[in-house]
Every structure is written in structure tokens, then in C-alpha cells.
Amino acid sequence: MEIRDRDLFLVTYPRSGTIWTQQILSLIFNEGYRNGTENIYSIERAPSIEYNIDNYDFNSRPSPRFFSSHLPYYLMPRDLKFRMGKVIYVYRNPKDVLVSYYHFCKMNPRIKYTITWETLLDLFMSERASIGSWFDHVRGWYTHKEDYSILLMTYEEMKKDLHSSVLKISKFVDINLDDKAIDTIVKKATFNNMKQNLLAIDKFVSNYIFDQTKGEFLRKGIVGDWKNMMTVSQSAIFNKLYKEKMGDLPIKIVWDLKEEIAT
């Protein structure tokens with residue numbers, strides 16, 4: 001893939017806020033989308049480079065081009081290291097990622113077998129889940145962050161302070177917005193408002209043919225939902241694994257937003 005200097009890549013591990021961040025970036029970059037005069041799906045503004053289901057001609061897209069990806073750092077187009085393109089990498093605490101992925105599996109008719117929570121937990125922790133290893137994905141991008149012009153953000157910080165997150169993102173992509181524009185973006189980019197915006201999710205959901213009688217593609221969007229699924233024993237085992245895999249990195253993971261705010 002030929003990389004241009006003004007290309008922007010949103011990279012996430014699956015179920016880590018991809019559609020939400022797409023929505024934020026769509027609102028930042030496109031005034032028409034912000035004021036309701038442009039009816040373009042967010043997924044069309046930021047197509048996935050590895051799941052190009054609509055066969056977009058990337059070379060014909062005008063700059064600045066905006067893409068999404070779930071790829072690990074070593075599978076990204078190699079020229080990205082040598083151009084002036086930018087990467088926004090959003091990661092989420094892995095317990096909530098796993099819960100979100102569990103509900104995702106239940107509503108995906110292309111998964112032809114029933115998977116239990118216990119089985120998926122085992123697959124995820126042993127790094128055999130079909131979406132790959134969360135630990136390798138986050139570690140890879142974090143330890144190679146010097147190779148890119150990159151903004152590292154967490155799902156949890158976006159939930160805690162969306163206004164500051166929008167400001168941080170807009171500054172990183174060199175777009176100056178007035179206070180009114182920022183306020184509009186924050187209002188339209190809240191998780192609940194985004195769920196009601198068909199331009200943010202409808203085309204994506206219909207293309208992938210999810211059985212929405214079994215759940216919602218955008219479900220709760222909260223921090224700490226893992227407590228409703230994991231037993232105390234399962235959480236303790238996961239914590240031990242996390243420390244073994246990630247304990248040497250200065251990465252702060254927020255497991256529960258209420259507990260963090262309280263401290």
C-alpha cells in the first residue's frame with residue numbers, strides 16, 4: 001500500500017472503541033458531518049485497510065486520507081515508518097475487551113458454533129482467540145511507538161473526559177477548532193448519542209449482517225462491565241497473567257472508572 005505524508009490511521013485491537021473513535025474523527029475533520037449537511041457513513045470516511053469489503057480504490061481517495069485498522073504494528077504498510085503519516089492507537093482494558101468480544105460472538109451468525117464464556121476466556125488468556133493476542137498487539141504498538149508519529153490513547157480516558165480527548169486528538173491532527181465546534185463534537189460523540197446515529201453504525205452493521213435480535217453491535221460502552229461476567233477467581237487468574245505479560249511496561253490500565261475517580 002502506498003503511503004502519503006498526510007495519511008491518518010486509527011489502529012485498535014478489536015472491541016476497543018474503533019467505531020466510537022471513527023465517529024470523533026469524522027466530526028473533527030468534516031464540518032458538514034458535524035452540522036448535519038453531509039450524509040456519509042463513518043465507515044466510508046475511514047475504511048479498514050485489511051477488511052476492504054466495499055473495494056474502495058485507496059489510491060483515488062484525496063488527501064488527507066483516513067483509514068482504520070486492527071493490524072499489529074509489524075503488518076502495517078512498511079512505508080508508514082518513512083512517511084509523515086500519523087497513527088492514533090486506542091487501547092482498552094482487556095477484561096472489558098473480552099466481555100465485548102463475547103457478546104460480539106453471540107450475535108455474529110458467521111460463527112457457526114456456540115461458545116461459552118469459560119471457553120472464550122481460556123482462548124483469550126492463552127492467546128488463541130481468533131482476533132489474536134491482546135497482549136502482543138498492545139505491547140507491539142507501545143514498544144515500537146518511536147517508529148511512528150503516534151498518539152496513544154485509552155478508551156477509559158475518553159470515557160472519563162471526552163472534552164479533553166477531543167482537544168488532544170484535534171491538536172494531534174493539526175486541526176484548530178473553536179469552542180463551539182468542540183462542544184458540538186463532544187455532544188454528538190457521546191456513546192449514547194452515537195448509538196442513535198445511523199451514519200455512525202448502520203452501514204457497518206448491515207454489511208456484516210449481524211443478528212441484532214441477539215444483541216447490539218454498540219452495547220453498553222462502559223468501563224468495568226467485566227465485573228458482571230468474571231468470577232473473583234477468574235479475575236485473579238487474569239490479573240496474574242496480565243502482570244506476567246505486561247508488568248514490565250509503564251502502561252496504566254484502568255479496570256474500573258468509578259474506583260479510579262474515587263482514588
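That block above? That's the structure.
Basis of the calculations
- Residues numbered from 1 in each chain as written.
- Predicted model: local features only at pLDDT ≥ 70, side-chain atom pairs only at ≥ 80, totals over all residues.
- Heavy atoms only, no water.
- Helix = DSSP H or I, 4+ residues; strand = E, 2+ residues; numbered from the N terminus.
- Expected span 1.5 Å × (residues − 1).
- Buried < 20%, exposed > 50% of the residue type's maximum accessible area, 1.4 Å probe, protein only.
- Contact = heavy atoms within 4.5 Å.
- Core = buried A, V, L, I, M, F, W, Y, C linked by side-chain atoms within 4.5 Å.
- Pairing = 2+ DSSP bridges.
- Axes fitted to C-alpha atoms, helices over the stretch in contact; angles between N-to-C directions.
- Parallel < 35°, antiparallel > 145°, perpendicular 65-115°, else oblique.
- Nonpolar A, V, L, I, M, F, W, Y, C, P; charged D, E, K, R; others polar.
- Patch = residues over 30% accessible without salt bridge, like charges linked within 9 Å, V, L, I, M, F, W, Y side chains within 5 Å.
- Areas by Shrake-Rupley, 256 points an atom, 1.4 Å probe, with all protein chains shown as cover.
- Salt bridge = Lys/Arg side-chain N within 4 Å of Asp/Glu carboxyl O.
- Lys, Arg positive; Asp, Glu negative; His and termini not counted.
- Charge placed at Lys NZ, Arg CZ, Asp CG, Glu CD.
- Phe/Tyr/Trp six-rings, centres within 6.5 Å; stacked < 30°, edge-to-face > 60°.
- Lys NZ or Arg CZ within 6 Å of the ring centre and 35° of its normal.

K.L.:
Honestly, helix H4 (residues 94–106) in this entry has me stumped. Any pointers?
P.N.:
Helical geometry: 3.6 residues make up each α-helical turn, so side chains three or four residues apart lie on a common side. With 13 residues, H4 should cover 18 Å at 1.5 Å per step; its first-to-last C-alpha distance of 18 Å lies within 8% of that length. Among the 13 residues that make up H4, 12 are buried, leaving the element largely enclosed by the rest of the structure. For H4, every residue scored as buried is listed here: Pro-94, Lys-95, Asp-96, Val-97, Leu-98, Val-99, Ser-100, Tyr-101, Tyr-102, His-103, Phe-104 and Cys-105. On its buried face, H4 is in contact with helix H5 (117–125), helix H6 (134–143) and helix H12 (232–246).

K.L.:
Would you mind going over the nonpolar core with me for this structure?
P.N.:
The nonpolar side chains of soluble globular proteins are, as a tendency, buried together. In this structure, Phe-9, Met-76, Val-87, Trp-134, Trp-141, Met-246 and Ile-251 are the most contacted members of the largest nonpolar core, which totals 43 residues. Elements supplying a minimum of two residues to this core: strand S1 (8–12), strand S3 (86–91), H4, H5, H6 and H12. Core analysis: the next-biggest nonpolar cluster, separate from the first, contains 32 residues, Ala-46, Phe-66, Leu-162 and Ile-185 among them.

K.L.:
Hey, could you run me through the pairing of S1 in this one?
P.N.:
Looking along a regular strand, one sees the side chains alternate between the two faces of the sheet. Burial runs high along S1: 5 of the 5 residues are buried. Burial of the side chains of S1 extends over both faces: Leu-8, Leu-10 and Thr-12 are buried on one face and Phe-9 and Val-11 on the other. Pairing between S1 and strand S2 (residues 66–69): 4 bridges, direction parallel. Bridging from a neighbouring strand, Phe-9 pairs with Phe-67 of S2. When S1 meets S3, the two strands line up parallel, connected through 5 bridges. Looking across to S3, one finds that Val-11 is bridged to Tyr-89.

K.L.:
When you look at the packing of H5 against H12 in this model, what are you seeing that I'm missing?
P.N.:
Working note: a packed helix pair is described by the angle between its axes plus the distance between those axes. Between H5 and H12, the shortest axis-to-axis distance is 11 Å and the interhelical angle comes to 10 degrees. Of the possible angle classes, the one that applies to H5 and H12 is roughly parallel. Together, Trp-117, Glu-118, Leu-121, Phe-124 and Met-125 of H5 and Gln-234, Ile-237, Phe-238 and Leu-241 of H12 make up the contact between the two elements. Grouping the constituent residues of the contact of H5 with H12 by class yields 7 nonpolar, 1 polar and 1 charged.

K.L.:
When you look at a negative patch on the surface in this model, what are you seeing that I'm missing?
P.N.:
A cluster of acidic side chains, namely Glu-31, Asp-178, Asp-179 and Asp-183, defines a negative patch on the protein surface. The topology assignment puts Asp-179 in helix H9 (residues 179–188). Taking the relative accessible area as the measure of exposure, Asp-179 reaches 62% and is therefore exposed.

K.L.:
Please explain the pattern of salt bridges as it appears in this structure.
P.N.:
Where charged atoms from two side chains of opposite charge come close, those side chains can pair. Under the counting rule described, the total for this entry stands at 7 salt bridges. With a shortest N-O distance of 2.5 Å, Arg-139 and Asp-248 are connected by a salt bridge. One end of the pair, Arg-139, is in helix H6; the other, Asp-248, is in the loop between H12 and helix H13 (257–262), with 109 residues separating them in the sequence. Since its relative accessible area comes to 55%, Asp-248 is described here as exposed. For Lys-168, the salt bridge is made with Glu-157, and the minimal N-O distance between the two is 3.0 Å. In this pair, Lys-168 is assigned in helix H8 (residues 162–172) and Glu-157 in helix H7 (residues 155–160), connecting sequence segments 11 residues apart.

K.L.:
For this particular structure, what's the right way to read the packing of aromatic side chains?
P.N.:
Given two aromatic rings, one states the distance between the centres and the angle between the planes to describe the pair. Applying the stated rule across the entire model yields 17 aromatic pairs. For the ring pair Trp-134 and Phe-135, a centre distance of 5.5 Å and an interplane angle of 90 degrees mean the geometry is edge-to-face. Three or more aromatic residues joined by ring pairs form one cluster here, namely Tyr-13, Phe-124, Trp-134, Phe-135, Phe-238, Tyr-242 and Trp-255. The ring of Trp-255 is capped by Lys-95, whose NZ or CZ atom sits 4.7 Å from the centre of that ring.

On their own, these measurements won't tell you what the molecule is for.
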